[in-house]
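Okay, here's what each chain looks like letter by letter:
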Amino acid sequence: MSESSDKCLLLFQSIHKVMQAERIIVSLGIVYQIVPVPKEFSSECGMCIEIDCSDIEVIVPEFQFNNIFYNKVKVDV
Amino acid sequence: MGNFYFDNSATSYPKPPEVAEYINEYLKGGGTYGRSAYDRVVAVSRVVENTRLLLANLIGTKHSDHIFFTSNSTHALNLAIKGLSYPKKRILISPLEHNAVTRPVLYLQQTFGVEYDILPHQSDGFIDLDATGKLDLKLYDLCIVNHVSNVNGVIQPLAELKALLRSVPLLVDASQSAGYIPIEADSWNIDMLALTGHKGLMGPTGTGCLFARNPELISPLIHGGTGSRSDSFLMPDFFPDRFEAGTPNVLGIYGLFGALSAKVLPHFDTHTFKDLLEQIEQLKSFKLKRSASFNRQAFLFSVISDNYTPSELSNQLFKRFGIETRSGLHCAPLAHKSLGTFPKGTVRISLSKYHNPNDLNYLYTALKELDYERK
Ligand SMILES: Cc1ncc(COP(=O)(O)O)c(C=O)c1O
């Protein structure tokens, strides 16, 4: 993971899904951070998960298997 | 000194030490559930969601997002009973229901004209499956069953009943069973289940949940903020948020998490319990109200005495022996009518996993002493 790697935000409908997603991300050993949802997405629940965009492909099958739906946005730094 | 608290069906005591530890942790750490993303909130949200998972595991369902926190099983039962619709205007209930079911059911009758029938049963209230199979079950919108009677401890055959009911939804009141006997909501195909955190689960009061396999069939009982979809004036259409308006009882949920993590095993075995029942049965002035079959008996039962009214007996047990029990109707007049103990009721004796064989023996000795004094 390089410092310059792009960051992506994963947005979920509910805290239930954020926490379910967190458990999966932890079990995969992926580095992540729980951060506030940017205000342009205020309709989602209060927190979302930030990861390196390059980790998305590892996560997607696990999320699909566990019926976790999410929106992905790239963070402009 | 022994543990002479035999009113665990009202609320369990003592609680595992983890309950106070987690409550204390929350009081020190604070924070709400969701709505923001600072560390305090994330920590609380983790505990709340882990508790939801533990509850899902406890009742044997994979659908943890279909577990909705409530303040107790009364709240959970009201959510289900008042939130469903009744096109056929007819429901079935078991003969051993608590007022947490019968009062909402009477509300449905008075408000919407929904009638109820009582499931065919044996003299101990155990559902007669053969007779149930002969009913025209297509007539019913819902069937409600108290898994374990809070009066005589009868365990009802949920899987077999649901196999007969087929598409008729089954709502289970697991207030007295959760924490004491296994529940397999998915493999038994249970549609809805209500439980409370402060009895067999040994958590704090003010906690409980409803599980619903098809929650889209239920309207929310309480409307308000969920911290999600805040731009909408309507309740979210996803779960669990649809049924969890308002700040949850985080303090209580922490305590419940402690209770569920504690994994307390019974300090007495079923043989000791069976011996106790058999010994009490030998006492001539007492009559036991319990399941006709020990295989269908949970760790609670009732007694009636030839010498004392239920309240006198309860009083004697407490004043002379320090034994705490509950006398009367136990909020279950229908159950007492079905068992022939209405209106005086019984004295209920309900065990904790923390009771040891000496405690059970002490209880027996006290009853024996009262038996000798018979008129
Ligand atoms: C069978 C049954 N149902 C429902 C309840 C209500 O439980 P709570 O008061 O925790 O809502 C009780 C407890 O009194 C009960 O024994």
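Because the structure is a prediction, the values reported are computed rather than measured. (Residues numbered from 1 in each chain as written. Chains lettered and ligands numbered in written order. Predicted model: local features only at pLDDT ≥ 70, side-chain atom pairs only at ≥ 80, totals over all residues. Heavy atoms only, no water.)

**Here we look at the sheet that holds strand E4 (residues 71–74) of chain A**
Residue and element names in this part refer to chain A. Basically, it comes down to this: Should DSSP find at least two bridges between two strands, the strands are taken to pair. Strands here mean DSSP runs of E at least two residues long; helices mean DSSP runs of H or I at least four residues long; both are numbered from the N terminus. Inter-axis angles, ranging from 0 to 180 degrees, are taken between N-to-C directions of lines fitted to C-alpha atoms, where helices are fitted over the stretch in contact.
Strand order in the open sheet formed by four strands is E2-E3-E1-E4, and the pairing between neighbours is antiparallel. Edge positions in the sheet fall to strand E2 (32–36) and E4, since each of these pairs with one other strand and no more. Across this sheet, the average inter-strand angle for adjacent strands is 30°, counted without regard to direction. Note that E2 and strand E3 (residues 47–52) share five bridges and pair antiparallel. Residue Val 35 lies in a different strand from E3, and its bridge partner there is Cys 48.

**Digging into unusual backbone geometry**
Note the following rule: When accessible area is computed with a 1.4 Å probe and restricted to protein chains, residues below 20% of their type maximum are described as buried, those above 50% as exposed, and intermediate ones as partly exposed.
With omega at 0°, the peptide bond leading from B:Tyr13 into B:Pro14 counts as cis. Look at the link from B:Phe239 to B:Pro240: it is a cis peptide, with omega at 10°. Residues other than glycine seldom take positive phi values, yet A:Asn67 does so here, at roughly 55°. With respect to the element layout, A:Asn67 can be found in the loop between helix H2 (56–65) and E4. With phi around 65°, B:Asn189 is a residue other than glycine that occupies positive phi space. Here B:Asn189 shows up in the loop between strand E5 (170–173) and strand E6 (192–196). Residue class for B:Asn189 comes out partly exposed when judged on its relative accessible area of 40%.

**Points about the interface of chain A and chain B**
To keep things clear, this is the line we draw: Here, residues are in contact when the closest pair of their heavy atoms is within 4.5 Å. By buried area we mean the combined loss of accessible area, with a 1.4 Å probe, across both parts when two parts are placed together. The term salt bridge refers to a side-chain nitrogen of Lys or Arg lying within 4 Å of a carboxyl oxygen of Asp or Glu. Here the nonpolar group is Ala, Val, Leu, Ile, Met, Phe, Trp, Tyr, Cys and Pro; Asp, Glu, Lys and Arg are the charged ones; every other residue, Gly included, is treated as polar.
Taken together, the 17 residues of chain A in the interface contact 23 residues of chain B. For the pair chain A and chain B, the summed buried surface comes to about 1500 Å²; carbon and sulfur atoms form 58% of the total. Across the chain A-chain B interface, the total number found is two salt bridges. For B:Arg46, the salt bridge is made with A:Glu22, and the minimal N-O distance between the two is 2.5 Å. Contributing elements (two or more residues each) for the side of chain A that touches chain B: helix H1 (15–27) and E2 of chain A. It is H1(A) that provides the largest number of residues to the side of chain A that touches chain B, a total of six residues. When its residues are assigned to classes, the side of chain A that touches chain B shows eight nonpolar, five polar and four charged.

**Overview of helix H4 (residues 99–112) of chain B**
Residue and element names in this part refer to chain B. For clarity, the threshold we go by: A helix is expected to reach a length of 1.5 Å times the quantity of its residues less one.
Along its 14 residues, H4 runs 19 Å from first to last C-alpha, staying within 8% of the 20 Å computed at 1.5 Å per residue. Listed in full, the buried residues belonging to H4 are Asn 99, Ala 100, Val 101, Thr 102, Pro 104, Val 105 and Leu 108. For H4, the secondary structure elements touched by its buried residues are helix H3 (73–83), strand E2 (90–93), strand E3 (115–118), strand E4 (142–146), E5 and helix H10 (333–339). Positive backbone phi, approximately 70°, marks Gly 113, located one or two places after H4.

**Overview of the environment of B:Ser291**
All names here are of chain B. Using the following cut-off: Between N or O atoms, a polar contact is any pair within 3.5 Å; within protein, one atom must be a potential hydrogen donor and the other a potential acceptor, and residues adjacent in sequence are included only when both atoms are from side chains.
With respect to the helices and strands, the residue Ser 291 is situated in the loop between strand E8 (286–289) and strand E9 (300–305). Judged by relative accessible area, which is 1%, Ser 291 ranks as buried. Along the backbone, Ser 291 and Phe 301 are 10 residues apart, and their C-alpha atoms lie at a distance of 8.2 Å. Contacts of Ser 291, omitting those with residues within four sequence positions, involve Asp 124, Asn 152, Val 154, Arg 296 and Gln 297. Side-chain polar atoms of Ser 291 contact the backbone oxygen of Arg 296, separated by 3.4 Å.

**With respect to the pattern of salt bridges**
Residue and element names in this part refer to chain B. Under the criterion given, the structure shown has 13 salt bridges over all chains. When the shortest N-O distance is used, the salt bridge between Arg 52 and Glu 244 registers 2.8 Å. Residue Arg 52 is found in helix H2 (residues 39–58), and its partner Glu 244 is found in the loop between strand E7 (208–212) and helix H7 (250–262); the two are separated by 192 residues along the sequence. Here Arg 52 matches Glu 244 in class, with each residue buried. A salt bridge links Lys 138 to Asp 136; its shortest N-O distance comes to 3.2 Å. Look at Asp 136 and you get partly exposed, because its relative accessible area is 38%.

**Focus on the pairing of E9(B)**
All names here are of chain B. Of all six residues making up E9, five are buried, and the element is well covered by its neighbours. As paired elements, E8 and E9 share four bridges and run antiparallel to each other. By the bridge assignment for E9, Phe 286 is matched with Ser 305. Of the pairings in the sheet, the one linking E9 to strand E11 (residues 346–350) comprises four bridges and is antiparallel in character. Paired with Ser 302 across the two strands is Arg 348, which belongs to E11.

**Some thoughts on the environment of B:Asn3**
Residues and elements named next belong to chain B. With respect to the helices, strands and loops of the structure, Asn 3 is situated in the segment before helix H1 (17–29). For Asn 3, a relative accessible area of 16% puts it in the buried group. In this structure, Asn 3 is in contact with Tyr 13, Pro 14, Tyr 354, His 355 and Asp 359, ignoring residues within four places of it in sequence.

**Remarks on the side chain of B:Asp191**
Residues and elements named next belong to chain B. Note on placement: Asp 191 falls in the loop between E5 and E6. Owing to a relative accessible area of 12%, Asp 191 belongs among the buried residues under this scheme. Within the structure, the side chain of Asp 191 is placed 2.8 Å from the side chain of Lys 162, a separation counted as a polar contact. Within the structure, Asp 191 has its side chain in polar contact with the backbone nitrogen of Leu 170 (distance 2.8 Å). Excluding anything up to four places from it in sequence, Asp 191 contacts Lys 162, Val 168, Pro 169, Leu 170, Phe 211, Ala 212, Arg 213 and Asn 214.

**Describing the nonpolar core**
Looking at soluble globular proteins, one finds that nonpolar side chains tend to be buried together. As a reminder, the rule being used: To define a nonpolar core, start from buried Ala, Val, Leu, Ile, Met, Phe, Trp, Tyr and Cys residues and group those joined through side-chain atoms within 4.5 Å.
Grouped together as the largest cluster of nonpolar side chains are 62 residues, with contacts concentrated most on A:Met47, A:Ile49, A:Phe63, B:Leu55, B:Cys143, B:Leu193 and B:Leu195. The element that contributes the greatest number of residues to this core is H2(B), accounting for seven residues. Of all hydrophobic cores here, the second largest spans 34 residues; its members include B:Tyr180, B:Leu277, B:Leu313 and B:Leu370.

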